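# Secondary and tertiary structure notes
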Amino acid sequence: MSHAEDSTQFGYEDHFTPARTRKKRKNRPFAAPPSPAVLLDKVSEELAQSEWLREAQKSLSESLKEAFPASDAAPDVLCLGLGSPASSRDARAQLAFLLAACDDLSIDRSKVSVYDPVFVEDDMRLFSQLGVTPLPENRRASYGLRSPTIAFMPHCDLYLYENLLRENWSRARLPNVLLIANRLSEYAESIPARKLASEHPCVARLVPHLTSRPLQPCTAFPTAFNNTAIQFVPPGRLAARDADWWTLPGAPPDKATIEDLEDDLEDGKARSSSLGARAPAAPADAVAAAAAARVVRPRTRSSTAAAAGEVCCSGRRAGASDAAAASSSSSPSPSPSPRTGSRGSPGPDPGDEERGGLQSGRG
């Protein structure tokens, strides 16, 4: 193929002018990004111009009167899972809504507490300027509410809602909770009833008794308030619930519990190897079973807890076996134990009774 044919075959149909490299301007001043406070003010102004904010404030005001009719004092405000206002537009919109609602209800900002593990220094400075209180530690939403409280938890994980409800699961405290969060009824509709009742019993039991007022879609910030509702239990609605309804099963093991157990098992293996003993690796299902063993089980000892006992008490069983071996070598053989079966198979391990006592003590 000649050079002329090659250029014709791969030639461009339209002529264009190659882009030229821009010359860097000298002494150009550096433009600093706007501060979180400036960005929040901008979002607040945009939100204030919408009819959505006025409707949401009206719905919240009516809900407070219905949820806390006997309270004349302004409620406390607990804000969890907000996100970082310094880096998230949705977080700024949610914070702007919360502050506007507090101003509308005459709630002093000193009564507003916030926490999210993603907060950075810019967020902390913003909260200081706004006069709200950052909480010092991650309690995974396990806060006891001793007075009427607005719990603002936009788009949190389900287990956080469960933790908040569980911490306040009593006749005295549960009526103090007014939740602005994901609609809990949608979890009941999308998760199988048995699974929800087992893993999140508070949510499963409370949903049928909740009054829920969904917030309307917000055109200016569609993802900040989608699937959000004001939810509470009207006074007296739970008066007929019996003691069984208020009695909860043990909490399912969380990620932190499983990680702690994995560390314990690793430490045990390290100690065994230092003594010359070779410890077998613990399978993943054994770790999960050990985590489940920490669950408080009423009256009965589940098969999961039994499996956990085998893992957690393996070191103790080994020690007991060694002691038994030493004793047998220095003393005459005892008469056959009544635990031994007709074919000479060993009966239940004596350690089982001790482990069973430990488990039932936890239950």
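Presented here is an overview of the structure given in this document. (Residues numbered from 1 in each chain as written. Predicted model: local features only at pLDDT ≥ 70, side-chain atom pairs only at ≥ 80, totals over all residues. Heavy atoms only, no water.)

The subject of this paragraph is the overall build of the protein chain. Looking only at helices and strands, one finds 15 helices and seven strands in the protein chain. A total of 363 residues make up the protein chain; the buried ones form 34% of that total. In the protein chain, 72% of the contacts between residues at least 6 apart in sequence involve partners at least 24 apart. For the protein chain, the exposed surface amounts to about 22400 Å²; the carbon and sulfur share of it is 52%. (Helix = DSSP H or I, 4+ residues; strand = E, 2+ residues; numbered from the N terminus. Buried < 20%, exposed > 50% of the residue type's maximum accessible area, 1.4 Å probe, protein only. Contact = heavy atoms within 4.5 Å. Areas by Shrake-Rupley, 256 points an atom, 1.4 Å probe, with all protein chains shown as cover.)

Moving on to unusual backbone geometry. Residue Arg140 is not a glycine yet carries a positive backbone phi of 50°. Along the chain, the position of Arg140 falls in the loop between strand S3 (133–134) and strand S4 (149–153). One non-glycine residue with positive phi stands out, namely Ala141, at about 70°.

This part is about empty space enclosed by the protein. Tallied over the entire structure, the rule returns one cavity of 30 Å³ or more. Taken as a whole, the largest cavity spans an internal volume of roughly 60 Å³. Lining the largest cavity are Leu165, Leu174, Val177, Leu179, Leu184, Leu206, Leu210, Gln231, Phe232 and Val233. Among the secondary structure elements, those contributing two or more residues to the lining of the largest cavity are strand S5 (177–182) and strand S7 (228–232). Partitioned by chemical class, the residues of the lining of the largest cavity number nine nonpolar, one polar and no charged. (1 Å grid on protein atoms, 1.4 Å probe; cavity = no way out; pocket = protein on both sides within 12 Å on 5 of 7 lines; lining within 4 Å. Points joined across faces, edges and corners; volume = space filled by probe spheres on them. Nonpolar A, V, L, I, M, F, W, Y, C, P; charged D, E, K, R; others polar.)

Its 13 residues give helix H2 (residues 36–48) an end-to-end C-alpha distance of 18 Å, which sits within 8% of 18 Å, the value for a rise of 1.5 Å per residue. Buried within H2 we find Pro36, Leu40, Val43 and Leu47. Down the axis of H2, the sector holding all buried residues measures 65°, keeping them to one side. Exposed residues lying more than 90 degrees from the buried face of H2 are Lys42 and Glu45. Summarising the contacts, the buried residues of H2 are in contact with helix H3 (51–67), helix H4 (89–104) and helix H5 (121–130). (Expected span 1.5 Å × (residues − 1). Arc of directions from axis to C-beta.)

This next bit is on the pairing of strand S2 (residues 112–115). Neither face of S2 is open: one carries Val112 and Val114, the other Ser113 and Tyr115, and all of them are buried. Remark: the strand S1 (residues 76–80)/H4/S2 crossover connection has right-handed handedness. Pairing between S2 and S3: two bridges, direction parallel. Across the sheet, Ser113 pairs through a bridge with Thr133, a residue of S3. (Right-handed = clockwise from strand over helix to strand, strands pointing away. Pairing = 2+ DSSP bridges.)

What follows deals with the packing of H2 against H4. The description of two helices packed together rests on the angle between their axes and the distance between the axes. For the pair H2 and H4, the least separation of the axes is 9 Å and the interaxial angle reads 65°. Between H2 and H4 lies a crossing whose hand is right-handed. The residues of H4 that touch H2, namely those facing Leu39, Leu40, Val43, Ser44, Glu46 and Leu47, are Arg89, Arg92, Ala93, Leu95, Ala96, Phe97 and Leu99. In terms of residue class, the contact of H2 with H4 is made up of nine nonpolar, one polar and three charged. (Axes fitted to C-alpha atoms, helices over the stretch in contact; angles between N-to-C directions. Left-handed = near helix turned anticlockwise from the far one by under 90°.)

Strands sit in the order S3-S2-S1-S4-S5-S7-S6 across an open sheet of seven strands; the sheet is mixed. With one partner strand each, in any of the chains shown, S3 and strand S6 (211–214) form the two edges of the open sheet.

The element S4 is largely enclosed, with a buried count of five among its five residues. The alternating pattern of S4 places Thr149, Ala151 and Met153 and Ile150 and Phe152 on opposite faces, both of which are buried. The sheet contact formed by S1 and S4 spans four bridges and is parallel. In the sheet register, Val77 faces S4, and the bridge partner there is Ile150. As defined by bridge partners, S4 adjoins S5 across five bridges and the pair is classed as parallel. Each residue of the ladder has a partner; that of Ala151, found in S5, is Leu179.

What follows concerns helix H6 (residues 158–167). Most of H6 is tucked away, with seven of its 10 residues classed as buried. Considered for burial, the residues of H6 that qualify are Leu158, Leu160, Tyr161, Glu162, Asn163, Leu164 and Leu165. Contacts from the buried residues of H6 go to S1, S4, S5, helix H7 (184–190), helix H8 (193–199) and helix H9 (201–206).

It is worth spelling out the pattern of salt bridges at this point. In this structure the tally under the stated criterion is 10 salt bridges. One salt bridge in this structure joins Glu199 and Lys195, with 2.9 Å as the shortest N-O distance. Highlighted residues: Glu199 and Lys195, both in helix H8, separated by four residues, approximately one helical turn. With relative accessibility at 31%, the residue Glu199 sits in the partly exposed group. The partly exposed category is assigned to Lys195, whose relative accessible area is 42%. When salt bridges that share partners are traced, they join Glu121, Asp122 and Arg125 into one network. (Salt bridge = Lys/Arg side-chain N within 4 Å of Asp/Glu carboxyl O.)

On to the side chain of His200. Residue position: His200 is located in the loop between H8 and H9. Excluding residues that lie within four positions of it along the chain, His200 makes contacts with Leu158, Tyr159, Glu162 and Lys195.

Here Ser63 is to be found in helix H3. Taking the relative accessible area as the measure of exposure, Ser63 reaches 0% and is therefore buried. A polar contact of 2.8 Å, which involves the side chain of Ser63, links it to the side chain of Arg213. Ignoring sequence-local partners within four residues, the contact set of Ser63 consists of Leu178, Arg213, Ile230 and Phe232. (Polar contact = N/O pair within 3.5 Å; in protein donor to acceptor, adjacent residues only side chain to side chain.)

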